[in-house]
Amino acid sequence: MASPTEHGIILASLMGTETLITWSRSMPRQSSLTDRFGRTVDYVRISVTDRCDLRCVYCMAEDVKFVPRPQLLTLEEMARIGRAFVDLGVRKIRVTGGEPLTRRNVVHLFRELGQLEGLRDLTITTNGTQLHRYARELREAGVTRVNISIDSLHAERFRAITRNGELHRTLRGIDAALETGFRKVKLNAVILKNRNHDEVAELVAFAVARQMDISFIEEMPLGVIDEHDRAEAYYSSDRILADLRRHHELIPTTESTGGPSRYYRIPGLKTRVGFISPHSHNFCDQCNRVRLTAEGRLLLCLGQEHSTDLRAVVRAEPTDDAALREIIVESMKLKPKGHDFDLYTRPIIFRHMNTTGG
Ligand code: SAM
Ligand code: SF4
């Protein structure tokens, strides 16, 4: 990985080649993050670990190798980077992974982030297996919203998709989150043909019964997996919508949560049904986010390799937050126009979603 030099030059990896980014302390401080295409970045996802207690078939290979722990950012380093982003105008941070609740002392990070003035939304994406233990502490630390991933409501199927998961643990996590009184608790489901595509109506009914929103996600070709062919398993958002319309009237809304979800309302019900459709409805022109991996790599796009090594920066400049902010501002110039996902070729992105911070 790239390392800093004493002249304040870091190497950032760009499309597999090395690019020089320079910064100087006289560079003007910007109040917001804007890229070359005029998009404002006000949302950061922080992956606190690539490890997970589940092994979802679309997310990782069964014999996955995790990053050695010494290579991970410390929670203090993550909090410092989060603070720099908020100083630059970021208003939303999502903590994710891997499974974020498997990182030891992760609540410490939530407490640090939860105190940042200017941060409007502190959220988490989790598989829910440990949520019953953490929900209250997360709420007290300032977490506003929780996204919980659940791809099936049938124990056997849930186990098959997650390779080892126990459905009742995720269900218990959902109950705990609902009881805790977060501003919002939402469900996410990745839909695969012949695995769970026939369950979409049941998943919506589950969400409706609890007055929750639910989003259906098209599988993305991140990393090599070994259990299915992603192209064969592709089940488009449009097919899901058509399936659901046999049960409900679904009215498109212009509502946005500032993310890639397109939402539909069911008349008379609180539940909104969202679709995250990287293949069928590209959302890159609206992209407002960047991702920090657990190793400290700032990824400018989910589906490209443009990145900056922020671990090198925080370790070279342990007290100089201005230098860190300047590098973050400069990194926005690396943000590419969009992803090039193609289900029919081998993945061009070799990192899996658990490393990326989904
Ligand atoms: N472990 C947590 C969880 O499952 O919610 C957080 C991390 S997980 C990587 C975040 C989200 O990414 C989950 O909703 C998961 O279903 C989704 N995901 C993982 N791999 C994916 C892929 N290849 N394509 C689309 N979504 C994926
Ligand atoms: Fe773990 Fe989430 Fe990936 Fe499933 S999707 S293996 S729960 S990180």
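A brief structural summary.

Basis of the calculations
- Residues numbered from 1 in each chain as written.
- Chains lettered and ligands numbered in written order.
- Predicted model: local features only at pLDDT ≥ 70, side-chain atom pairs only at ≥ 80, totals over all residues.
- Heavy atoms only, no water.
- Core = buried A, V, L, I, M, F, W, Y, C linked by side-chain atoms within 4.5 Å.
- Buried < 20%, exposed > 50% of the residue type's maximum accessible area, 1.4 Å probe, protein only.
- Helix = DSSP H or I, 4+ residues; strand = E, 2+ residues; numbered from the N terminus.
- Contact = heavy atoms within 4.5 Å.
- Near = heavy atom within 4 Å.
- Nonpolar A, V, L, I, M, F, W, Y, C, P; charged D, E, K, R; others polar.
- Salt bridge = Lys/Arg side-chain N within 4 Å of Asp/Glu carboxyl O.
- Pairing = 2+ DSSP bridges.
- Right-handed = clockwise from strand over helix to strand, strands pointing away.
- Axes fitted to C-alpha atoms, helices over the stretch in contact; angles between N-to-C directions.
- Parallel < 35°, antiparallel > 145°, perpendicular 65-115°, else oblique.
- Left-handed = near helix turned anticlockwise from the far one by under 90°.
- Polar contact = N/O pair within 3.5 Å; in protein donor to acceptor, adjacent residues only side chain to side chain.
- Areas by Shrake-Rupley, 256 points an atom, 1.4 Å probe, with all protein chains shown as cover.

**A few points about the nonpolar core**
Here is step 1 of the chain: Ranked by internal contacts, the top residues of the largest apolar core, which has 81 residues, are F85, F216, L244 and L310.
Here is step 2 of the chain: Looking at this core element by element, the count peaks at seven residues for helix α1 (residues 75–87).
Here is step 3 of the chain: Excluding residues that lie within four positions of it along the chain, L244 makes contacts with V200, A201, V204, F216, L250, V273 and F275.
Here is step 4 of the chain: Grouped together as the second largest cluster of nonpolar side chains are 17 residues, V57, M60, I276 and F283 included.

**Details of the site of ligand 2**
Here is step 1 of the chain: Taken together, C52, L54, R55, C56, C59, M60, G98 and N127 make up the full set of residues adjacent to ligand 2.
Here is step 2 of the chain: Considered class by class, the residues forming the shell around ligand 2 number five nonpolar, two polar and one charged.

**A look at the pattern of salt bridges**
Here is step 1 of the chain: Applying the stated criterion across every chain, the model contains 15 salt bridges.
Here is step 2 of the chain: D121 is the partner of R145 in a salt bridge, and the nearest nitrogen-oxygen pair spans 2.6 Å. Of this pair, R145 sits in strand β8 (residues 145–149) while D121 sits in strand β7 (residues 121–126), and the two are 24 residues apart along the sequence. The same class applies to R145 as to D121, namely buried.
Here is step 3 of the chain: In this structure, D213 and K184 form a salt bridge, with 3.2 Å as the shortest nitrogen-oxygen distance. Note that D213 is positioned in strand β10 (residues 213–217) and K184 in strand β9 (residues 184–190), a separation of 29 residues in sequence.
Here is step 4 of the chain: Among the ionic contacts, a cluster of salt bridges with common partners joins R80, R83 and D321.

**Considerations on the pairing of β9**
In the case of a regular strand, side chains alternate between the two sheet surfaces.
Here is step 1 of the chain: By the criterion of burial, β9 is predominantly enclosed, with six of the seven residues buried.
Here is step 2 of the chain: Of the pairings in the sheet, the one linking β8 to β9 comprises five bridges and is parallel in character. Across the sheet, the residue bridging to V146 is V185, located in β9.
Here is step 3 of the chain: Chirality of the crossover, the property in question, places the unit of β9, helix α6 (residues 200–209) and β10 among those that are right-handed.

**Thoughts on the sheet that holds β10**
Here is step 1 of the chain: Spatial ordering of the open sheet is given by β11-β12-β13-β10-β9-β8-β7-β6-β5-β14-β15-β16, a layout of twelve strands whose pairing is mixed. On the outer flanks of this sheet lie β11 (251–252) and β16 (307–309), each paired with one strand and no other.
Here is step 2 of the chain: Relative to β7, strand β6 (residues 92–96) is paired through four bridges, and the arrangement is parallel. When the sheet's bridge partners are listed, K92 is paired in β7 with D121.
Here is step 3 of the chain: Along the sheet, helix α2 (residues 106–114) makes contact with β5 (43–47), β6 and β7, crossing β7 at roughly 155 degrees.

**Observations concerning the pairing of strand β12 (residues 262–265)**
Here is step 1 of the chain: Here two bridges tie β11 to β12, and the two strands are oriented antiparallel to one another. In the sheet register, P252 faces β12, and the bridge partner there is Y264.
Here is step 2 of the chain: One ladder, built from four bridges, connects β12 with strand β13 (residues 272–276); its direction is antiparallel. If you follow Y263 over to β13, its bridge partner there is G274.
Here is step 3 of the chain: Connecting β12 to the antiparallel partner β13 that follows it, the hairpin turn spans six residues, and G268 within it adopts a positive phi of roughly 85 degrees.

**A word on the packing of α1 against α2**
Each packed pair of helices is defined by two parameters, the angle between the axes and the distance between the axes.
Here is step 1 of the chain: With their axes 9 Å apart at the nearest point, α1 and α2 run at an angle of 25 degrees to one another. Considering the angle they form, α1 stands roughly parallel to α2. Once α1 is placed against α2, the crossing between them reads as right-handed. When α1 is examined against α2, the residues L75, E76, M78, A79 and G82 are found in contact with a partner set consisting of V106, H108, L109, E112 and L113.
Here is step 2 of the chain: A per-class count over the contact of α1 with α2 returns six nonpolar, two polar and two charged.

**Digging into the site of ligand 1**
Here is step 1 of the chain: Residues in close proximity to ligand 1 total 19 residues, the closest being Y58, G98, S149, M220 and M353.
Here is step 2 of the chain: Backbone polar atom of M220 to a nitrogen atom of ligand 1: 2.7 Å apart, as the coordinates give it.
Here is step 3 of the chain: Contacts to ligand 1 include R230, whose side-chain N or O atom sits 3.4 Å from a nitrogen atom.
Here is step 4 of the chain: Bound to the protein, ligand 1 loses 95% of the 540 Å² it would expose on its own.
Here is step 5 of the chain: The set of elements that each furnish at least two residues to the shell around ligand 1 consists of β7 and β9.
Here is step 6 of the chain: The class makeup of the residues in the shell around ligand 1 is six nonpolar, nine polar and four charged.

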